[in-house]
Amino acid sequence: MKDRIYITEAIIKFNKRGIITQVIYDSNNVFDQKEQIFDVLTEKSKASIKKIIGSLQENNYFLDKLLNFYVDEYPVAFFCSGFLCGDEIVMMLFNDLSQTIAEELIKISNEQTNTFRNLIKKFQQYSKEKDETRFLEEIVKLNNELVNYQREVTKKSLELEMLNKKLEQLAVTDYLTKAYNRRYFFEKIKEEFARAKRFKYTISLVMVDLNNFKKINDTLGHLEGDKILKDFVSIVRRYTREGLDNIFRFGGDEFLILLLNCSYEEAEKILVRISNELKKIQPITGLSYGIVAVDPKDAREELVEYFLKQADEKMYKMKKGSENREENSDE
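These lines cover the structure that appears in this document, whether it is placed above or below. (Residues numbered from 1 in each chain as written. Predicted model: local features only at pLDDT ≥ 70, side-chain atom pairs only at ≥ 80, totals over all residues. Heavy atoms only, no water.)

1. Describing the packing of helix α6 (residues 222–239) against helix α7 (residues 264–281)
Part 1 of the reasoning: Their axes nearest at 10 Å, the elements α6 and α7 cross at an angle of 140 degrees. Here α6 lies oblique to α7, going by the angle between them. The way α6 lies across α7 gives a crossing that is right-handed. Listed contacts from α7 to K227, I228, D231, F232, I235, V236, R238 and Y239 of α6 are I270, R273, I274, E277, L278 and I281.
Part 2 of the reasoning: Class assignment of the residues belonging to the contact of α6 with α7 gives a composition of nine nonpolar, no polar and five charged. (Axes fitted to C-alpha atoms, helices over the stretch in contact; angles between N-to-C directions. Helix = DSSP H or I, 4+ residues; strand = E, 2+ residues; numbered from the N terminus. Parallel < 35°, antiparallel > 145°, perpendicular 65-115°, else oblique. Left-handed = near helix turned anticlockwise from the far one by under 90°. Contact = heavy atoms within 4.5 Å. Nonpolar A, V, L, I, M, F, W, Y, C, P; charged D, E, K, R; others polar.)

2. Focus on the pairing of strand β10 (residues 287–294)
Part 1 of the reasoning: Counting buried residues along β10, seven of its eight residues qualify, which places the element largely inside the surrounding structure.
Part 2 of the reasoning: Pairing between strand β7 (residues 203–210) and β10: eight bridges, direction antiparallel. Residue pairing in the sheet places V206 in a bridge with I291 of β10. (Buried < 20%, exposed > 50% of the residue type's maximum accessible area, 1.4 Å probe, protein only. Pairing = 2+ DSSP bridges.)

3. Regarding the packing of aromatic side chains
Aromatic ring pairs are described here by two measures, namely the spacing of the ring centres and the angle between the planes.
Part 1 of the reasoning: Considering all chains together, one arrives at 11 aromatic pairs under this definition.
Part 2 of the reasoning: Taken together, a centroid distance of 5.2 Å and an interplanar angle of 80 degrees make the contact between F69 and F78 edge-to-face.
Part 3 of the reasoning: Pairing F185 with F186 gives two aromatic rings, centres 5.1 Å apart and planes at 80 degrees, and the pair type is edge-to-face. (Phe/Tyr/Trp six-rings, centres within 6.5 Å; stacked < 30°, edge-to-face > 60°.)

4. Details of the sheet that holds β10
Part 1 of the reasoning: Across the sheet, which stays open at both edges, the five strands sit in the order β6-β8-β9-β7-β10 with mixed pairing between neighbours. Every other strand in the sheet has two partners, leaving β6 (180–181) and β10 as the edge strands with one partner each.
Part 2 of the reasoning: Relative to β10, α7 is tilted by about 160 degrees, and along the sheet it contacts β7, β9 (254–260) and β10.

5. What about the sheet that holds strand β5 (residues 88–94)?
Whenever strands of a sheet pair, they do so through backbone hydrogen bonds, lying parallel or antiparallel.
Part 1 of the reasoning: Pairing is antiparallel in the open sheet, where five strands are placed in the order β2-β1-β5-β4-β3. Looking at the sheet topology across the chains shown, the edges are occupied by β2 (20–26) and β3 (61–71). Across this sheet, the average inter-strand angle for adjacent strands is 25 degrees, counted without regard to direction.
Part 2 of the reasoning: Where strand β1 (residues 9–15) meets β2, five bridges bridge the pair, whose relative direction is antiparallel. From the neighbouring strand, K13 faces β2, where its bridge partner is Q22.
Part 3 of the reasoning: Packing of helix α1 (residues 43–55) onto the sheet brings it into contact with β1, β3 and β5, and relative to β3 it is tilted by some 155 degrees.

Below, the structure written as structure tokens:
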């Protein structure tokens, strides 16, 4: 099991009408802001999940059902298991795209083994018959087959290598915005703190929240909300340094921006530019943010949660101030 590569794992709870009541765990935000399980299923799998729900009247659980979910607009196969919990269904799912290619490689390897066995048998047969011409012809034929098998193995190996790279990228990336995910931040911050300590430079951690995001979803729809999230990430990348600074989606409309060798004042200027640019695209939004400039001598792994809490508190304070100003202007 340790060799299996997982892109996504999730545990969700939904009722018999397919309405998602709780996302218990979702490693890549497949179900983020989705109201129904049908929102992310292909047409064929919608029919399958309805049958599964119906079967739960007799059986309280189901195991290893293959369903296709849309991930970043592409259908991806997931193995799903679940059980009835009161009037709701708890479903666990994971996907493993490397398994198909691995099975193909095993199949090709078995074919090669069988070919060698046949070659040995024919060698023994033709040796007894002393028919060297037939034997040589068979050797040439089988050699050609082996060359073709080898080409196929090389092709499948390359496909597997490319898939593994894709899987590695997907495992650390938010499916909607293409920002890094929260889990990857806690891996990345360790190496960045170590580098900052070695080269003695400041790191700015910036917790960011999009203002009026719920209002955008409620009045303009979730598609417009999704667009704003993607536009925001695109703007951040435009105003930060590629290969140095990074943006992570922490969930919903909350992000963290990691600015290397960047002081508090420099980070403030960058965030003002990003906020102004975002308002050009959608005037009713903007940013609330909290900046914590980490001195290199304080860049320690055990202090990460402390810095995040500081940044989060500053962001919340700025957001409350923004909301109060909007309420006063409405009056």
